[in-house]
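Remarks on the overall topology
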Amino acid sequence: MTRYRGKGFEEMDTEAVLQRKASIALIDELAHINIPGSDRVKRWEDVQILLDAGIEVWTTMNVTQRSPLKGSLTRARKASKDSL
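What counts, and where the lines are drawn
- Residues numbered from 1 in each chain as written.
- Predicted model: local features only at pLDDT ≥ 70, side-chain atom pairs only at ≥ 80, totals over all residues.
- Heavy atoms only, no water.
- Helix = DSSP H or I, 4+ residues; strand = E, 2+ residues; numbered from the N terminus.
- Buried < 20%, exposed > 50% of the residue type's maximum accessible area, 1.4 Å probe, protein only.
- Areas by Shrake-Rupley, 256 points an atom, 1.4 Å probe, with all protein chains shown as cover.
- Salt bridge = Lys/Arg side-chain N within 4 Å of Asp/Glu carboxyl O.

Time to look at the overall build of the protein chain. Along the protein chain, the regular secondary structure elements total 3 helices and 4 strands. Tracing the protein chain from N to C terminus, the helices and strands come up as β-β-α-β-α-β-α. A burial count over the protein chain gives 24% of its 84 residues as buried. Of the roughly 6,400 Å² of accessible surface on the protein chain, 52% is carried by carbon and sulfur atoms.

Okay, structure coming up:
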């Protein structure tokens, strides 16, 4: 649990996913901004670490948030195609 402005928030524990040696991870909100103090600023950065570790990632996103992530999505899609 991460504390921010007096409240507790649960963020994804990327290291725990890596330790489980999962073959696939389901991750909500690709465009999520992590709580200040987290290891990474954006959720897509967490996803990139999982992809780099060879973990297949399925994620959700709000289509209105698609534009700012275009470059990241292209890289993730290419990484996925390369691994097939």
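Additional details are given in the paragraphs that follow.
Let us now look at the pattern of salt bridges. Within the structure shown, the criterion is met by 3 salt bridges. Across the pair Glu11 and Arg43 runs a salt bridge whose closest N-O atoms are separated by 3.4 Å. Taken as a pair, Glu11 in the loop between β2 (7-9) and α1 (14-19) and Arg43 in helix α2 (residues 43-52) lie far apart in primary sequence, 32 residues in all. A relative accessible area of 9% places Arg43 in the buried class. Measuring nitrogen to oxygen at the nearest pair gives 3.2 Å for the salt bridge that ties Arg40 to Glu15. Here the residue Arg40 occupies a position in the loop between β3 (24-27) and α2, and Glu15 occupies one in helix α1, the gap between them amounting to 25 residues.

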